[in-house]
Amino acid sequence: MIATNDNEIKLYYSSETSIGKQTYAYVTSSEKKVLGVDVSKTNIPGSHWAEIADGLNIEIHKLINTEHPNFVKNYGDKSIDLDQHDWLRILEKHPETLAFPIAIIGKKMVAIHSPSDFVKYMEPDTTNQPKPYNK
């Protein structure tokens, strides 16, 4: 099971993609503690990928960018019919094919399709203090 914490954001991303790098920058601007999990440098077990897919309420193959050059090179550009275990093995062997970053905020899992998607999950300023007026 993936450990979660209400005061921490866990971000699964690839530093080899621009969306991954940009999303990581957005997330680190959050007030919460951030644990970045760079899938291009960290081996993620299949059980975690299965838990993430379940938490996002999607099938495992939806976590994979089938248009990624490494996917096409290894599996071709035609539609392929694989079982859940095979899709997990692709993510384990080729984590760079991760389709999008995933943020785990407390117990909630969120697919980040553009870096600005994360903004709606950031904590609002709850101090209720008026903002200073600058001329």
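In case you missed it, the structure is sitting above this.
Residues numbered from 1 in each chain as written. Predicted model: local features only at pLDDT ≥ 70, side-chain atom pairs only at ≥ 80, totals over all residues. Heavy atoms only, no water.

Caption draft 1: Fine view of the overall build of the protein. In terms of helices and strands, the protein carries four helices and four strands. Listing each helix as α and each strand as β along the protein from the N terminus yields β-α-β-α-α-α-β-β. Considering the protein as a whole, with its 135 residues, one finds that 36% of them fall into the buried category. Contacts in the protein between residues far apart in sequence, at least 24 positions, make up 68% of those at least 6 positions apart. Summing over all exposed atoms, the protein offers an accessible surface of approximately 8600 Å²; the carbon and sulfur share of this is 47%. (Helix = DSSP H or I, 4+ residues; strand = E, 2+ residues; numbered from the N terminus. Buried < 20%, exposed > 50% of the residue type's maximum accessible area, 1.4 Å probe, protein only. Contact = heavy atoms within 4.5 Å. Areas by Shrake-Rupley, 256 points an atom, 1.4 Å probe, with all protein chains shown as cover.)

Caption draft 2: Focus on the nonpolar core. Counting residues in hydrophobic clusters, the biggest one holds 22 residues, and the most contacted among them are Tyr-12, Trp-49, Ile-52, Leu-63 and Ile-102. Put simply, the parts of the chain that give this core at least two residues each are helix H2 (46-56), helix H4 (84-93) and strand S3 (102-105). Excluding anything up to four places from it in sequence, Ile-102 contacts Lys-10, Leu-11, Tyr-12, Trp-49, Ile-52, Leu-56, Leu-63 and Val-110. Leu-11, Val-27, Ala-103 and Ile-112 belong to the second largest nonpolar core, which has nine residues in total. (Core = buried A, V, L, I, M, F, W, Y, C linked by side-chain atoms within 4.5 Å.)

Caption draft 3: Representation of the packing of aromatic side chains within the structure. Throughout the structure, instances matching the rule amount to four aromatic pairs. The interplanar angle of 55 degrees and the centroid separation of 6.1 Å between the aromatic rings of Tyr-12 and Trp-49 together place this pair among those described as tilted. Taken together, the residues Tyr-12 in strand S1 (residues 8-13) and Trp-49 in helix H2 connect sequence positions 37 residues apart. Given the relative accessible area of 3%, Tyr-12 is considered buried. Arranged with centres 5.0 Å apart and planes meeting at 20 degrees, the rings of Tyr-13 and Tyr-24 form a pair that is stacked. Separated by eleven residues along the polypeptide, Tyr-13 in strand S1 and Tyr-24 in helix H1 (residues 18-28) bring together distant segments of the chain. On the basis of relative accessible area, Tyr-24 is assigned to the partly exposed category, the value being 31%. (Phe/Tyr/Trp six-rings, centres within 6.5 Å; stacked < 30°, edge-to-face > 60°.)

Caption draft 4: The pattern of salt bridges, seen in detail. According to the stated counting rule, one finds three salt bridges in the structure shown. For the salt bridge of Lys-33 with Glu-8, the shortest nitrogen-to-oxygen distance reads 3.6 Å. Of this pair, Lys-33 sits in strand S2 (residues 33-38) while Glu-8 sits in strand S1, placing them 25 residues apart in sequence. A relative accessible area of 57% means that Lys-33 is categorised as exposed. What makes Glu-8 buried here is its relative accessible area of 12%. The partner of Lys-41 in a salt bridge is Asp-38, and the shortest N-O contact between them spans 3.8 Å. Classification of Lys-41 as exposed rests on a relative accessible area of 67%. The exposure class assigned to Asp-38 is buried, which follows from its relative accessible area of 7%. (Salt bridge = Lys/Arg side-chain N within 4 Å of Asp/Glu carboxyl O.)

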